[in-house]
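Breakdown of the fold
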Amino acid sequence: MRYEEMKPEDYRRAKEAAPIAYIPWGAHEWHGKHNPLGLDTLKAHGQCLALCAETGGVVFPHVYCGFQTMKPHAGFDCTLEFSKECVQLLAKEYLEQLADEGFKVIIILMGHYGHMHQEAIKEVVADFNAKHSDCVAWAFPDYEPTADEGFPGEHGACFETSYMMWFRPELVDLTRLPQEGELDKKAEGVHGLDPRTNASAKKGRDGVNVLVKNAAPKIRELLRNACSRS
Ligand SMILES: [Zn+2]
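What comes next is a walk through the structure. All figures in this text were calculated on a predicted structure; none of them were measured in a lab.

**Details of the environment of Ala 14**
Residue position: Ala 14 is located in helix α1 (residues 8-17). By the C-beta count within 10 Å, which is 19 here, Ala 14 ends up partly exposed. Separated by 44 residues in the primary sequence, Ala 14 and Val 58 have C-alpha atoms spaced 6.7 Å apart.

**Remarks on the pairing of strand β5 (residues 136-141)**
Here strand β4 (residues 105-110) pairs with β5 via six bridges, running parallel. The residue of β5 that forms the bridge with Met 110 is Pro 141. On the question of chirality, the crossover connecting β4 to the parallel β5 by way of helix α5 (residues 115-131) is right-handed.

**Brief notes about the packing of helix α2 (residues 39-55) against helix α6 (residues 158-167)**
Interhelical geometry of α2 versus α6 gives an angle of 60° and a closest axis separation of 10 Å. Considered as vectors, α2 and α6 are oriented oblique to each other. Here the hand of the crossing between α2 and α6 comes out left-handed. Contact residues: Leu 39, Leu 42, Lys 43 and Gly 46 in α2; Glu 160, Tyr 163, Met 164 and Phe 167 in α6. The residue makeup of the contact of α2 with α6, split by class, is five nonpolar, one polar and two charged.

**Quick look at the nonpolar core**
In this structure, Tyr 22, Val 105, Ile 106 and Ile 108 are the most contacted members of the largest nonpolar core, which totals 58 residues. By residue number, the principal contributor to this core is helix α9 (residues 201-229), which donates eight residues. For Ile 108, the residues in contact, after removing those within four places along its chain, are Ile 23, Trp 25, Ala 91, Ile 121, Val 125, Ala 137 and Ala 139.

**Comments concerning the packing of α6 against α9**
For the pair α6 and α9, interaxial distance at closest approach is 7 Å and the crossing angle is 95°. The orientation of α6 with respect to α9, classified from their angle, is roughly perpendicular. In this structure, α6 uses Phe 159, Ser 162, Tyr 163, Met 165, Trp 166 and Phe 167 to contact α9, whose residues at the interface are Ala 201, Lys 203, Gly 204, Arg 205, Gly 207 and Val 208. When the residues that make up the contact of α6 with α9 are grouped by side-chain class, the tally is seven nonpolar, three polar and two charged.

**Describing the environment of Glu 101**
Secondary-structure assignment places Glu 101 in the loop between α4 (84-100) and β4. Expressed as a C-alpha distance, the spacing of Glu 101 and Lys 186, which sit 85 residues apart in the sequence, is 44 Å.

Each value, and the rule that gives it
- Residues numbered from 1 in each chain as written.
- Predicted model: local features only at pLDDT ≥ 70, side-chain atom pairs only at ≥ 80, totals over all residues.
- Helix = DSSP H or I, 4+ residues; strand = E, 2+ residues; numbered from the N terminus.
- Buried ≥ 20, exposed ≤ 12 C-beta atoms within 10 Å, placed from the backbone.
- Pairing = 2+ DSSP bridges.
- Right-handed = clockwise from strand over helix to strand, strands pointing away.
- Axes fitted to C-alpha atoms, helices over the stretch in contact; angles between N-to-C directions.
- Parallel < 35°, antiparallel > 145°, perpendicular 65-115°, else oblique.
- Left-handed = near helix turned anticlockwise from the far one by under 90°.
- Contact = placed C-beta atoms within 7 Å.
- Nonpolar A, V, L, I, M, F, W, Y, C, P; charged D, E, K, R; others polar.
- Core = buried A, V, L, I, M, F, W, Y, C linked by C-beta atoms within 7 Å.

No statement about biological role is implied by the geometric values presented.
If you want it as C-alpha cells, here you go:
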C-alpha cells in the first residue's frame, strides 16, 4: 500500500486492481508541547492507510507543505510557512503526475486545517476536475466526514492528540503540558477540548473507523463513475 516501499510490479498490480491514489498532506507545525511537529501529516498518513485498506489503491508518501500555519497566525516557532503559490504548484503537479500514471481517483487528505490552505488546494482540485474527464480528485480535511459523528476539527487538542495516540503512541507525551490547573490554550497553541483529560487511543481508533465508514463508500463511487466515463 505504501508507494515508497513497493516494487514496480506490486505498484502496477495495486493500481490496476484499484486505481486510487492517496496523498496525505500536512504542515510542519506546532501542535502543543505534547505532540510531534509532524502531527498533521502523520495523522493523515495513518488515515490514508486505513482508507486504502478498505478501498485498495496506493498511499503516496506524506507531503509536508502548509500555508496559513501557526507561525503567521499565532507566532509559534518550530513551524514552516509555505506560500499559497508553492502549495498550489505542488498540488497541481501531483495531480497531473498521478493522472499520467493512470490513477482514476486521487484523494488529497488534508491533515492541516488552515482555512486558506484548504481553499488553496480545493481551487487546484476544482481546476483539475474541470479539465479531466477520466480522472477525478477529491480534497477534504479528515474531519469533514467525521464531524457530525463527534469527531470535529481542532488543533493539537483532544482529537488530534487521540489520533496520534492511536497511530503513534510513542510520539505523544502529555506530561510535557502543565499538570495543574486550567490549560492556557492560547499560550499552549492548542485549540479544542483539553487533551490531558479527554484524549485517548480509543478515541483515535473510533475516529478512524467513522472516517472509513463515511469516506470509503464515496471514494468507491468516485471510482465507479470515473471508470464508466473512460
Ligand atoms: Zn493539525
